[in-house]
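Residues per chain, in single letters:
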Amino acid sequence: MSAPSTKILDHIVHLTPPGTVELASQQFRDLGFTVIPGGTHTGGLTANALVILATGSYLELISFTHPASHYPPSSPDRQKRDSNPWSHKHPGWIDYAFLGASDPDVSIARIINERARLDGSGVEYEPEVAGGRVREDGKTLKWMITAPSEEQRRELSRFSVPIDPPSNSKHPSGVLGIAHVRILVLAESLDAQSAQLTSVVGDPPVEHSSSGYTWYLETPRTGLGVLKPRLILSVPVDDEEEEYLAERGPGIYEIAFWVGPDGKEGTSATPYGKIVWQVETR
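What this report covers is the structure whose coordinates are included nearby. Quick caveat, the model's predicted, so the values are computed rather than measured.

**Description of the overall build of the protein chain**
Phase 1 of the analysis: Regarding its fold elements, the protein chain presents five helices and 15 strands.
Phase 2 of the analysis: Each of the 282 residues in the protein chain was classed as buried or not, and the buried ones make up 51%.
Phase 3 of the analysis: Summed over all atoms, the accessible surface of the protein chain reaches about 13400 Å², with 52% contributed by carbon and sulfur.

**Some details on the pairing of strand 4 (residues 58-64)**
Phase 1 of the analysis: Within strand 4, seven of the seven residues are buried, leaving the element largely enclosed by the surrounding structure.
Phase 2 of the analysis: Here strand 4 shows a buried face lined by Y58, E60, I62 and F64 and a second buried face lined by L59, L61 and S63.
Phase 3 of the analysis: Pairing analysis gives five bridges linking strand 1 (residues 9-15) to strand 4, with the strands arranged parallel. Pairing of H14 across the sheet is with L61, part of strand 4.
Phase 4 of the analysis: Note that strand 3 (residues 46-52) and strand 4 share seven bridges and pair antiparallel. Within strand 4, the position partnered with V51 by the bridge is L59.

**Considering the sheet that holds strand 14 (residues 266-269)**
Phase 1 of the analysis: On the basis of which strands lie adjacent, the open sheet formed by seven strands has the order 10-11-12-9-13-15-14 and mixed pairing. Edge positions in the sheet fall to strand 10 (207-209) and strand 14, since each of these pairs with one other strand and no more. Averaged over all neighbouring strand pairs, the angle between strand axes comes to 20 degrees, with direction disregarded.
Phase 2 of the analysis: Against the sheet, helix 4 (residues 190-201) makes contact with strand 11 (212-216) and strand 12 (230-234), and its axis sits at roughly 10 degrees relative to strand 11, the strand it touches most.

**Brief notes about helix 1 (residues 21-30)**
Phase 1 of the analysis: Every buried residue of helix 1 is listed here: V21, A24, S25, Q27 and F28. End-on view of helix 1: buried residues confined to an arc of 160 degrees, all on one side of the axis. In helix 1, the exposed residues that point more than 90 degrees away from the buried face are E22, L23 and D30.
Phase 2 of the analysis: G32 sits one or two positions beyond helix 1 and adopts a positive phi of about 105 degrees.

**Here we look at a negative patch on the surface**
Phase 1 of the analysis: There is a patch of like negative charges on the surface, built from D238, D239, E240, E242, E243 and E247.
Phase 2 of the analysis: Inspection of the secondary structure assignment puts D238 in the loop between strand 12 and helix 5 (239-248).
Phase 3 of the analysis: A relative accessible area of 34% means that D238 is categorised as partly exposed.

**Quick look at the nonpolar core**
Phase 1 of the analysis: Grouped together as the largest cluster of nonpolar side chains are 44 residues, with contacts concentrated most on F33, L59, L231 and F257.
Phase 2 of the analysis: Setting aside its immediate chain neighbours within four residues, F257 contacts F33, L53, L59, W93, V175, G177, I178, A179, I275, V276, W277 and Q278.

**Some remarks on the pattern of salt bridges**
Pairing between side chains of opposite charge can happen when their charged atoms approach one another.
Phase 1 of the analysis: In this structure the tally under the stated criterion is five salt bridges.
Phase 2 of the analysis: Between K7 and D203 there is a salt bridge, and its shortest N-O distance comes to 2.4 Å. One end of the pair, K7, is in the segment before strand 1; the other, D203, is in the loop between helix 4 and strand 10, and 196 residues separate them in sequence.
Phase 3 of the analysis: The partner of E114 in a salt bridge is R117, and the shortest N-O contact between them spans 2.6 Å. Of this pair, E114 and R117 both sit in helix 3 (residues 108-119), three residues apart, which is roughly one turn of that helix.

**Topic: helix 5**
Phase 1 of the analysis: Among the residues of helix 5, E241, Y244, L245 and R248 are the ones counted as buried. Down the axis, helix 5 shows its buried residues gathered within 95 degrees of arc, on one side only. Facing away from the buried surface of helix 5 by more than 90 degrees, the exposed residues are D239, E243, A246 and E247.
Phase 2 of the analysis: Tucked into the core, helix 5 has its buried residues touching strand 5 (92-99), strand 9 (175-184) and strand 13 (251-259).
Phase 3 of the analysis: You can read the cap of helix 5 off the contacts: a side-chain oxygen lies 3.2 Å from the backbone nitrogen of E240, and it is on D238.
Phase 4 of the analysis: Of the residues trailing helix 5, G249 is marked for its positive phi of about 85 degrees.

Analysis parameters
Residues numbered from 1 in each chain as written. Predicted model: local features only at pLDDT ≥ 70, side-chain atom pairs only at ≥ 80, totals over all residues. Heavy atoms only, no water. Helix = DSSP H or I, 4+ residues; strand = E, 2+ residues; numbered from the N terminus. Buried < 20%, exposed > 50% of the residue type's maximum accessible area, 1.4 Å probe, protein only. Areas by Shrake-Rupley, 256 points an atom, 1.4 Å probe, with all protein chains shown as cover. Pairing = 2+ DSSP bridges. Axes fitted to C-alpha atoms, helices over the stretch in contact; angles between N-to-C directions. Contact = heavy atoms within 4.5 Å. Arc of directions from axis to C-beta. Patch = residues over 30% accessible without salt bridge, like charges linked within 9 Å, V, L, I, M, F, W, Y side chains within 5 Å. Salt bridge = Lys/Arg side-chain N within 4 Å of Asp/Glu carboxyl O. Lys, Arg positive; Asp, Glu negative; His and termini not counted. Charge placed at Lys NZ, Arg CZ, Asp CG, Glu CD. Core = buried A, V, L, I, M, F, W, Y, C linked by side-chain atoms within 4.5 Å. Polar contact = N/O pair within 3.5 Å; in protein donor to acceptor, adjacent residues only side chain to side chain.

Okay, here's the thing in structure tokens:
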């Protein structure tokens, strides 16, 4: 039995300030996305809305339900809020996840950690844990998540397996799917980060230059004509990107979307993250 793919782009996470899921949903609708309600995650700390793409990947628009000050100091809820890995992140594109194994007996963490041991890349993923949320209609969704160790989470992806993915993938902007996820890192860590991503993806980069590396990814829906996304690991190429990296640290800088011939062009902002509209070419 062959090992499952570890390069299927499942979803990308966009964070906005506490209590702003509805506002963020309207901002994305104004950009030409169809946004559907999500729900509140198990534990009540975060809520979300979703943008489903034709390729099966999706965007998760997420915010904390309350600011940290809402919870009494030293209370269990405050401790959970402060220990959440996203609690100190700047708003914008903060995370991305690959699709995990549907077989509960298959551990993606073990697969990647074994690759990393052989590659010597230093990647370490934690054992799978359960996650979930309650939809607006009251239905509870559950999934399994594995993530890299805390110090590696800015550049490396999580893996998750949603049990009941929603659908509604037509968008006024003409969006068809993800064209690329671009991650900014410091020049001195570029090669080491490339080795780690190679361990995660399971393939060497298809492009390499002094400024970055590129991998081709897969999507949940496959078949003839499905546009593949790229994962780009890059150093800053101008002053704006240098300032962004200095302020926020390594992480996702921009997301590009494939659009049809009559779709949007150029760039936009979310207003917390950069979007690039890329016309499909076949």
